[in-house]
Amino acid sequence: MRAFTYERAASPVQAAAAAAANPDAKFIAGGTNLLDLMKLEIETPTHLIDVNGLGLDTIEATSEGGLRVGALVRNTDLAADERVRRNYGVLSRAILAGASGQLRNRATTAGNLLQRTRCPYFYDTAQPCNKRQPGSGCSAIGGFSRQLGIVGTSEACIATNPSDMAVGLRVLDATVETMKPDATTRRIAIAEFHRLPGDTPHIETVLERGEFITAVTLPSPVGGKHLYRKVRDRASYAFALVSVAAVIQQDGTGRVAIGGVAHKPWRVEAAEAELPRGAKAASERLLDGAKPSHENAFKVTLVERTLGSVLEEARS
Amino acid sequence: MKFDKPETTNPIDQLKIVGQAVNRVDGPLKVTGAATYAYEWHDPDARLAYGYPVGSTIAKGRIATMDLSQARAAPGVVTIVTAKEAGQLGKGSLNTATLLGGPVIEHYHQAIAVVVAETFEQARAAAALVHVTYEEAEGKFDLSAEKDGLGPTDSDVKVGEFETAFAEAAVRLDETYTTPDQSHAMMEPHASLAAWDGDKLTIWTSSQMIAWSVGDVAKTLKIPPANVRVISPYIGGGFGSKLFVRSDTILAALGSRAAGRPVKIALPRPFLMNNTTHRPATIQRIRIGAGRDGRITAIAHEGWSGNLPDGDPENAVDQTKLLYAGANRLTGNRLATLDLPEGNAMRAPGEAPGLMALEIAMDEMAEKLGLDPIEFRVINDTQVDPGNPNRPFSHRQLVECLRIGAERFGWSARNARPGTARDGRWLKGIGVAAGFRNNLTTKSGARVRLDGRGVVTVETDMTDIGTGSYTIIAQTAAEMMGLPIERISVRLGDSAFPVSAGSGGQWGANSATAGVYAACVKLREIVAQRLGFNSTDAVFADSEVRSGDRRALLAHAASNGEITVEDAIEFGDLKKTHQQSTFATHFVEVAVDAATAETRVRRMLSVCAAGRILNPKTARSQVIGAMTMGVGGALMEELAVDKRRGFFVNHDLAGYEVPVHADIPHQEVIFLDEIDPMSSPMKAKGVGELGLCGVGAAVANAVYNATGIRVRNYPITLDKLITQLPSAA
C-alpha cells in the first residue's frame, strides 16, 4: 500500500470538487473492495476522500412512487428494508446472494456499483492486464478464464463485473444520481452506467472525473415474481459463474438480467420478448454474439439452464 | 522405552481419562485470544522490525538486474537482504527449491529478497519498489504433456504376473483419473519472528516439526543446530505445509541478522500458493481384472506427477499395495520434471489423491460385475499383506466399517440404477468409498516433572496444529499419574524440550502420547521408590499412591524437590512383522440440481477403525474437518495452472475455494471399538488423515449414482456434468 493523504468530505459537492482537484484521489465509503486493492497496489490513490459522514444513508419514497436509496445505505440495510423486500424482492435477494454478512454490513450502495472485477490476472500485479495497466495486454485471454466473460468482451479484456446488486438494479431499471464538482447533477440509467471493455477496459463506468454518486433510484414497483438465482461452485461466499435476476409476470412476460457473463450486468430487452417461448429462445437472443473461451463455454449452457429453472420457479 | 512386543495391560487401560471426551485444555486460551500464535509474539523492548518478502515474477530463468535503490530510500526501511547480501546459504534437507532464490529462479514467487522496515506497512510498500528484470527461460508446466514420455521404472512393485492375469480376466476395467494441484489453504499463514543473541538464533514460528526445523534452519544458515532454538506452541493449521522450514523463517533470520534487530515476517496469502508447497496434481491409470465371482485377480495402479528437479513424486499408488486382495499386482510412480512451485506433503499425501481414483475404480468395477459396491469390497477384503501373505494386518476392520456404515446410513435404500432418484428439482444419489491410511509410528520423547504441589508438567517438542495434542497428552499424564486433568500442565512446541514425533502423517497422537507414557512409567517408578512402595503393585489414583492398606499423597514424593525424568518411546520390529493400518468407510448423499448441475452434499457418515480413540471429541473434530476437506477436494479445490507462465493463478482465498459452512451438512462419525496392542502402549493409531482418505471418491460415486455421469477428473464442478445431465437429453 502506498502512502496517501486523507480528508473527510463535508458535503457531496465538496467531495466531488476534492476528487476533481486530484486525479489520483478516490472516494472511500465501506472500503470493502478498495482497501484490499490498495494493499495489493492494484489501486494506488494518493488521496482518500472519506464520504462516510455525508449522511446519504436513508431510503425515501419518491414522488414517482419509487424509492431513492442514498449512496451510503449499507447493503445489509438495503436488503432488509421492508419496502425493498415487498416491492423489489429481486434486489433484496441479489444483495443477500453476495459477499458475507460482515461485508454487507460495511459495503455501500454506491461502492457496490463501483467494485472492480475479480479476474485473477487483474489481481496479480506481475501479470499484464489492460484494466490495471492500460496497454500491457490481457493475460486472461488464453489463460485461466473459467470465471470470466462470454459476451460483450473485447480483444483487450474479458473481465466480468462481480456485483450481484447491480444485476438486480439492472432488471429494475434503476437510475444512478450523481453530483459533479460544479454542483450540477445528472441521472444515469443503470443500463448506461457500466461500460463494455472495448479497448479501454480501465474505464468501467460513465462517471466523469470527480463525479460523485449521491443516490440510486428505483422506479415505481412493476409487480410480478421477483427471483434471483446465483450459480457458483460452492453454496455461499463465492462470485457467480452465472446469475439470473428476473421479474416475471403471470402471463409469462417479464424481464431478465444476467450476472457473471459480461463486463456489466447483461440485459437484452429484445430477448425478453422471447421469454414466453422459454429459456432456450430467450437465452439465444441474450447471448447473441457470445465469444466464450474453451474454459467458459459451459456458461452458455448454464445461462439457458439457470434461466429455464428460474422461469419454472416463476410458473410454480 | 523400547516397544517391541505387543502390549499387555497397562494403566492406560483404566480409561478413566484417556478415551473420554475431554474438552480441549487449551480451549479457553484460544477462545480468549490468549494463545500466542507465531505472528503475535511481541516484546515491546525488543525494537522489533518487520520483514516483507519479494517474490519472483517469472517461473524459470535468472535475475538480470535488481535495483534496490528506490526501496532502500523508502520511508522506514532498515535493510534489504537478497541472495547477494545473504552470502553462501545451504539448502534444507527437506527443501526442494532454495528458500532465497537468485540469480537462478526455480519457480514463481520464489523469494528473492526481504525488505525490513520499522513497520509492516513500510516494509510492504518498499517491497513493491524493488525493481527486477529477468532473463526468462522456457519451463515445463503441463503434466499431461510430459506424461507420454514416462513409463515403467525399476522401482515398480510387482507381485505375480499382472499383465497375463489382467488379459485373462473375465471382467476388466482400464480407466484414467486425474486430481488437480491443491493448496493447504490453512487459516494461519507461515509466519516467523527471528532474534539473534550473538551467534545464537531464536525463532518463534508456526511449525509442525520442531526438530526438523532446527536441523534445516541450521543447515540453510550454516550454523550449528545447537545455536538454533525454535518455539511454536500454537499453530493455526498446517495440513503438511508447515512440516518444513519455509521462506518466512529463513528471511526473518537473515533480515534480523542484517538489521541487528528481531524481525517478524508473515507470508502474504498469495505466497501460500506459489511460494510454499502444494499437493501435486496426479494422473492415475488403474486397471482391475476380476472373475465373474467378483474376486480380483489382477490390479494395477500407476501414478504420474510432477515436481521440481530432485523433488519427490506424489505417491498415489501406495494404498493399492494393501487395500484389496488379488494375486497379481503392479504399482508404480512416474515423475515428470515440472517448473511449478515445489510439490510436497499435504494431509494424507499419496492416499488422499490415490483413493480419490482407486475408489471410483472400485465403484465402476462393482457395476461392471453387477455387484453392490459394498459386497464387492467385502469379497476382496484381505487380512494379510497381499504382497506378502505371511505378514498379517495387526488389526483390520474394513468389513465391519462397511457393514456398520451401510446399516447406519441406510445404504439398502440406495437406488442402484443411477439417475433415477428425484427430490423436486434435485437428482439424489448416495455413494460409498473405503478409506485407508497406514499407521506410522516414530520415536518420541518427553520430560515430566512432579512438583511439591502435586502438579505434573509435561514438556515435549510435540506440536498441536489444532488437533488436540495438548489435551490427549494431558489425559495420558493424568491417567498414568492418577491425577485430575487440571493438575497436568502441558508445554509443547519448543526445541528446548525433548524431541518428539511432531505432527504429520497422522503419527503424532499415538507416538507422542506413547512417549509421554514412557516418561510417566519412569516417573511412577521414582515416585513409588521415594514413597516406599513396590512399583509393581503401586496404584496411582485420586492424587494418591496406594498399595494394600497403605496410601500416600503423590505430591509428597516431591516434598524435597521437584522430580524430573525423561524418556522416549522407540518402536521395534512389530511394523515389519505386522502391517499396521487404519481403515474407514465414507458414505455420502448428494443432490445435483437437474438444471444447473450444482452439487450439494446432504449428509455424510464416516466409520473409522483406527485403534483406541484417545479422545472421541478431538478425534471427531479431526475427522469432520477431514470430511470437509474431502468435500472441497471432490467439488471445488483446484490450483489453476497457467501453462504459459508457469504459476498457480487463483492464489488467494477468493479464487481458491474451500468449503464454507453452507456447503457442509449433517456429518456423523462412528469410531469402532478397537484397540491395537501392536501399535504402541497407547494401543491407538491416527485418524487425522484417515478422515480424508476416500471422501472425494464417495462424493464422486454419489454424484454418479445421482446423475449417471462418471466424472474421472476432479474437482467435479458443474461444467463437467451440465451437458450430460439426464434432463439435458
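Residues numbered from 1 in each chain as written. Chains lettered and ligands numbered in written order. Predicted model: local features only at pLDDT ≥ 70, side-chain atom pairs only at ≥ 80, totals over all residues. Heavy atoms only, no water.

**Describing the overall build of chain A**
Within chain A one finds 12 helices and 11 strands. The dimensions of chain A, computed from C-alpha atoms along their principal axes, are 55 × 50 × 30 Å. Relative to its 316 residues, chain A shows a buried fraction of 57%. Within chain A, contacts between residues at least 6 apart in sequence are counted, and of these 62% link residues at least 24 apart. For chain A, the exposed area adds up to about 12,600 Å²; of that, 49% sits on carbon and sulfur atoms. In chain A, 38 positive and 34 negative side-chain charges are present, and the distance between their average locations comes to 3 Å. (Helix = DSSP H or I, 4+ residues; strand = E, 2+ residues; numbered from the N terminus. Buried < 20%, exposed > 50% of the residue type's maximum accessible area, 1.4 Å probe, protein only. Contact = heavy atoms within 4.5 Å. Areas by Shrake-Rupley, 256 points an atom, 1.4 Å probe, with all protein chains shown as cover. Lys, Arg positive; Asp, Glu negative; His and termini not counted. Charge placed at Lys NZ, Arg CZ, Asp CG, Glu CD.)

**A word on the overall build of chain B**
Within chain B one finds 17 helices and 32 strands. Relative to the globule expectation of 27 Å for 729 residues, the C-alpha radius of gyration of chain B, 27 Å, shows essentially globular dimensions. Each of the three principal axes of chain B carries a C-alpha extent, and together these read 80 × 75 × 50 Å. Within chain B, the proportion of its 729 residues that are buried is 64%. For chain B, the exposed area adds up to about 25,400 Å²; of that, 50% sits on carbon and sulfur atoms. In chain B, 75 positive and 83 negative side-chain charges are present, and the distance between their average locations comes to 1 Å. (Rg over C-alpha atoms; globule rule 2.2 N^0.38 Å.)

**Re the packing of aromatic side chains**
Two aromatic rings, taken as a pair, are described by how far apart their centres are and by the angle between their planes. Taken as a whole, this structure holds 16 aromatic pairs over all chains when the rule is applied. Between Phe122 of chain A and Tyr123 of chain A, the ring centres sit 5.8 Å apart and the planes meet at 80°, which makes this aromatic pair edge-to-face. By the burial criterion, Phe122 of chain A is buried, and Tyr123 of chain A matches it. Counting every residue linked through ring pairs, the aromatic cluster contains Tyr121 of chain A together with Tyr108 and Phe647 of chain B. (Phe/Tyr/Trp six-rings, centres within 6.5 Å; stacked < 30°, edge-to-face > 60°.)

**As for the interface of chain B and chain A**
Size of an interface: often given as the accessible area lost when the parts come together. With 36 residues of chain B at the interface, the matching set in chain A holds 35 residues. Here chain B packs against chain A, burying approximately 2,800 Å² in sum over the two surfaces, 55% of which is carbon and sulfur. If you sort the residues of chain B by the area they bury against chain A, Arg124, Arg644 and Glu657 of chain B come out on top, with a joint share of 18%. Counting across the interface, chain B meets chain A through 3 salt bridges. Linking Arg229 of chain A and Asp593 of chain B is a salt bridge whose minimum nitrogen-to-oxygen distance equals 4.0 Å. (Buried area = accessible area lost by both parts, 1.4 Å probe. Salt bridge = Lys/Arg side-chain N within 4 Å of Asp/Glu carboxyl O.)

**A word on the sheet that holds strand E6 (residues 175–179) of chain A**
Residue and element names in this part refer to chain A. Here we have 5 strands laid out as an open sheet, ordered E4-E5-E8-E6-E7, and antiparallel in their pairing. Strands with a single pairing partner mark the edges of an open sheet, and in this sheet they are strand E4 (59–61) and strand E7 (185–189). Here the average twist between neighbouring strands, direction ignored, is 25°. Two strands pair when backbone bridges link them, and E4 and strand E5 (residues 67–70) are joined in this way by 3 bridges, in the antiparallel orientation. Along E5, the bridge assignment pairs Ala61 with Leu67. The sheet strands contacting helix H1 (residues 12–21) are E6 and strand E8 (212–218), and the helix crosses E8 at an angle near 130°. (Pairing = 2+ DSSP bridges. Axes fitted to C-alpha atoms, helices over the stretch in contact; angles between N-to-C directions.)

**Points about the domain arrangement of chain B**
Residue and element names in this part refer to chain B. For chain B, the assigned domains are domain 1 (2–35 + 441–574) and domain 2 (390–437 + 580–724). Each of domain 1 and domain 2 has a C-alpha centre, and the two are 34 Å apart. Of the residues lining the interface, 33 residues belong to domain 1; the matching set on domain 2 comes to 26 residues. Among the salt bridges present, the one from Asp13 reaches Arg612, with a minimum N-O distance of 2.8 Å. Inspection of the region where domain 1 meets domain 2 yields 17 residue pairs in polar contact (both at pLDDT 80 or more). Those elements that provide at least two residues to the side of domain 1 that touches domain 2 are helix H13 (469–481), helix H14 (508–530) and strand E27 (563–571). It is H14 that contributes the most residues to the side of domain 1 that touches domain 2, 5 residues altogether. Across the side of domain 1 that touches domain 2, the residue classes break down as 14 nonpolar, 16 polar and 3 charged. (Domains from an automatic or database assignment. Polar contact = N/O pair within 3.5 Å; in protein donor to acceptor, adjacent residues only side chain to side chain. Nonpolar A, V, L, I, M, F, W, Y, C, P; charged D, E, K, R; others polar.)

**Looking at the environment of Ile213 of chain A**
Residue and element names in this part refer to chain A. Its location among the elements puts Ile213 in strand E8. By relative accessible area, Ile213 is classed as buried at 4%. When the C-alpha atoms of Ile213 and Glu43 are compared, they prove to be 20 Å apart, with 170 residues separating the residues in sequence. With residues up to four places along the chain from it excluded, the contact list for Ile213 reads Ala71, Ala110, Leu114, Val176, Glu177, Thr178, Phe193 and Leu207.

**So, the pattern of salt bridges**
One pass over the full model with this rule turns up 74 salt bridges over all chains. Salt-bridge contacts for Asp318 of chain B lead to Lys321 of chain B; the nearest nitrogen and oxygen are separated by 2.8 Å. Taking relative accessible area as the criterion, Asp318 of chain B reaches 21% and is therefore assigned partly exposed. When its relative accessible area of 28% is taken as the criterion, Lys321 of chain B is described as partly exposed. Residue Glu359 of chain B is joined to Arg377 of chain B by a salt bridge in which the shortest nitrogen-to-oxygen separation is 2.6 Å. One end of the pair, Glu359 of chain B, is in helix H10 (residues 351–369); the other, Arg377 of chain B, is in helix H11 (residues 373–379), with 18 residues separating them in the sequence. Beyond isolated ion pairs, a larger network of salt bridges with shared partners links Arg170, Asp173, Arg255, Arg267, Glu269 and Glu272 of chain A.

**Description of the pairing of strand E10 (residues 191–197) of chain B**
Residues and elements named next belong to chain B. Within E10, 5 of the 7 residues are buried, which leaves the element mostly enclosed by the surrounding structure. Note that E10 and strand E13 (residues 263–266) share 4 bridges and pair antiparallel. What sits directly across from Leu193, in E13, is Lys264. Of the pairings in the sheet, the one linking E10 to strand E11 (residues 200–205) comprises 6 bridges and is antiparallel in character. Note on E11: the bridge partner recorded for Ala194 is Ile203. Linkage of E10 to E11, two consecutive antiparallel strands, is achieved through a turn of 2 residues, within which Gly198 is found at a positive phi near 65°.

**Considering the UniProt feature "domain: Aldehyde oxidase/xanthine dehydrogenase a/b hammerhead" (unreviewed entry) in chain B**
Mapped onto this structure's residue numbering, the UniProt feature "domain: Aldehyde oxidase/xanthine dehydrogenase a/b hammerhead" (unreviewed entry) falls at residues 32–138 of chain B. End C-alpha atoms of residues 32–138 of chain B are separated by 51 Å, and the span's content is 15% helix alongside 33% strand. (UniProt positions renumbered as here; feature names shortened; annotations may be inferred.)

**Things to note about the sheet that holds strand E3 (residues 61–67) of chain B**
Residues and elements named next belong to chain B. With respect to topology, 3 strands assemble into an open sheet ordered E5-E3-E7, the strand pairing being antiparallel. Every interior strand has two partners, whereas the edge strands, strand E5 (104–105) and strand E7 (131–136), have only one. Across 2 bridges, the pairing between E3 and E5 is antiparallel. Among the inter-strand pairings, Gly61 is bridged to a residue of E5, identified as Ile105.

**Some remarks on the nonpolar core**
Within the largest apolar cluster, 119 residues are counted, with the highest numbers of intra-cluster contacts made by Val261 and Leu307 of chain A together with Ile288 and Val590 of chain B. Filtering out sequence-adjacent residues up to four positions away, Val590 of chain B remains in contact with Leu427, Lys428, Gly429, Thr599, Arg600, Val601, Arg602, Val699, Ala702, Val703 and Ala706 of chain B. Residues Ile485, Ala514, Leu523 and Leu614 of chain B belong to the second largest nonpolar core, which totals 53 residues. (Core = buried A, V, L, I, M, F, W, Y, C linked by side-chain atoms within 4.5 Å.)

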